Each structure stands twice: as structure tokens, then as C-alpha cells.
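# Structural overview
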Amino acid sequence: MPANLKYLSSKGQRWLKVTAAIIGGYAVTVTFHNAVGVFLTNYKGALIITSAYFSFILWAILMVFAFMIKNGWKIWGIYLLLTIIFTCITLTYR
């Protein structure tokens, strides 16, 4: 039984969602862990080990979230905004 066409997104929106899920989710994950690392200066060893596991979980959650949003431009905007915020935190408190 074929899918109902009203629930499918266009090729452009699908491409935006896929790229936001992979690239944008990874950028948010990396900048988030850099921002957390700025505040936990005494626990660098534990932070590296914890972020190795938590970064994969966070990236997977962000990938699922990217496909839940209907508009690919919105998810790119959200991910770019989060990346800029975490980068500013990292550079400010360094």
C-alpha cells in the first residue's frame, strides 16, 4: 500500500532535513560539549569519557528531532542558532 502523498515532504525539504540532521546535529553536539567543558575545568578526564558516550546519544536525539519538524529551514535555523550560542559561550568564558 503506497504512502499518502499529503504526509510526504518535497525533495528539497527532505534534503534540508537530512543535512540538518547529520551536519547540524553534529555541530550542535560538538559546540555543546565545548561549552560544557569550559565550565568543568577540574574534571577534564571525566568530561572526555562522558562526552564520548553522551555525544552519540545527543546527536541521535537531534537527528530524530530534525525529522519531526515539517520545515527544513526551521530546523537549520534552530541548529545554527544553538551552534552560535554555544560557540559564544565557549569563546566568552575561555
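### Examining the packing of aromatic side chains
To describe a pair of aromatic rings, you give the distance between the ring centres and the angle between the ring planes. A complete count under the given rule lists four aromatic pairs for this structure. Taking 6.4 Å as the distance between ring centres and 55 degrees as the angle between the ring planes, the aromatic pair formed by Phe-32 and Phe-54 counts as tilted. Residue Phe-32 is located in helix α1 (residues 11-39), and its partner Phe-54 is located in helix α2 (residues 44-68); the two are separated by 22 residues in the primary sequence. Looking at Phe-32, the relative accessible area reads 25%, which means it is partly exposed. Seen from their ring centres, Phe-32 and Phe-86 are 5.4 Å apart, and the 65 degrees between their planes marks the pair as edge-to-face. Of this pair, Phe-32 sits in helix α1 while Phe-86 sits in helix α3 (residues 72-92), and the two are 54 residues apart along the sequence.

### Here's the deal with the nonpolar core
Ala-20, Val-28, Leu-62, Ala-66, Ile-75 and Tyr-79 are the most contacted members of the largest nonpolar core, which totals 13 residues. Where this core is concerned, the elements lending two or more residues are α1, α2 and α3. If one sorts the elements of this core by residue count, α1 sits on top with five residues. When residues no more than four places from it in sequence are discounted, the contact partners of Ile-75 are Ala-20, Phe-65, Ala-66 and Ile-69.

### What to know about the packing of α1 against α3
Think of two packed helices as two axes; the pair is described by the angle between the axes and how far apart they sit. Following both chains from N to C, one finds α1 and α3 inclined at 15 degrees, their axes separated by 8 Å at the closest point. In terms of their interaxial angle, α1 and α3 are classed as roughly parallel. In this structure, α1 crosses over α3, and the sense of that crossing is left-handed.

### Looking at a nonpolar patch on the surface
Judged by side-chain polarity, Val-18, Ile-22, Ile-23 and Phe-67 come together as a nonpolar surface patch covering roughly 350 Å² of accessible area. Following the sequence through the fold, Ile-22 ends up in helix α1.

### Things to note about the side chain of Lys-17
Relative to the helices and strands, Lys-17 is located in helix α1. Looking at Lys-17, the relative accessible area reads 9%, which means it is buried. Setting aside its immediate chain neighbours within four residues, Lys-17 contacts Ser-9, Ala-66, Phe-67, Ile-69, Lys-70 and Gly-72.

### A closer look at the side chain of Thr-83
For Thr-83, the location among the structural elements is in helix α3. Residue class for Thr-83 comes out buried when judged on its relative accessible area of 16%. A distance of 2.7 Å separates a polar side-chain atom of Thr-83 from the backbone oxygen of Tyr-79. If sequence neighbours within four positions are ignored, Thr-83 has contacts with Ala-27, Val-28 and Thr-31.

The rules behind the values
Residues numbered from 1 in each chain as written. Predicted model: local features only at pLDDT ≥ 70, side-chain atom pairs only at ≥ 80, totals over all residues. Heavy atoms only, no water. Phe/Tyr/Trp six-rings, centres within 6.5 Å; stacked < 30°, edge-to-face > 60°. Helix = DSSP H or I, 4+ residues; strand = E, 2+ residues; numbered from the N terminus. Buried < 20%, exposed > 50% of the residue type's maximum accessible area, 1.4 Å probe, protein only. Core = buried A, V, L, I, M, F, W, Y, C linked by side-chain atoms within 4.5 Å. Contact = heavy atoms within 4.5 Å. Axes fitted to C-alpha atoms, helices over the stretch in contact; angles between N-to-C directions. Parallel < 35°, antiparallel > 145°, perpendicular 65-115°, else oblique. Left-handed = near helix turned anticlockwise from the far one by under 90°. Patch = residues over 30% accessible without salt bridge, like charges linked within 9 Å, V, L, I, M, F, W, Y side chains within 5 Å. Areas by Shrake-Rupley, 256 points an atom, 1.4 Å probe, with all protein chains shown as cover. Salt bridge = Lys/Arg side-chain N within 4 Å of Asp/Glu carboxyl O. Polar contact = N/O pair within 3.5 Å; in protein donor to acceptor, adjacent residues only side chain to side chain.

All quantities given are derived from atomic positions and should not be read as evidence of function.
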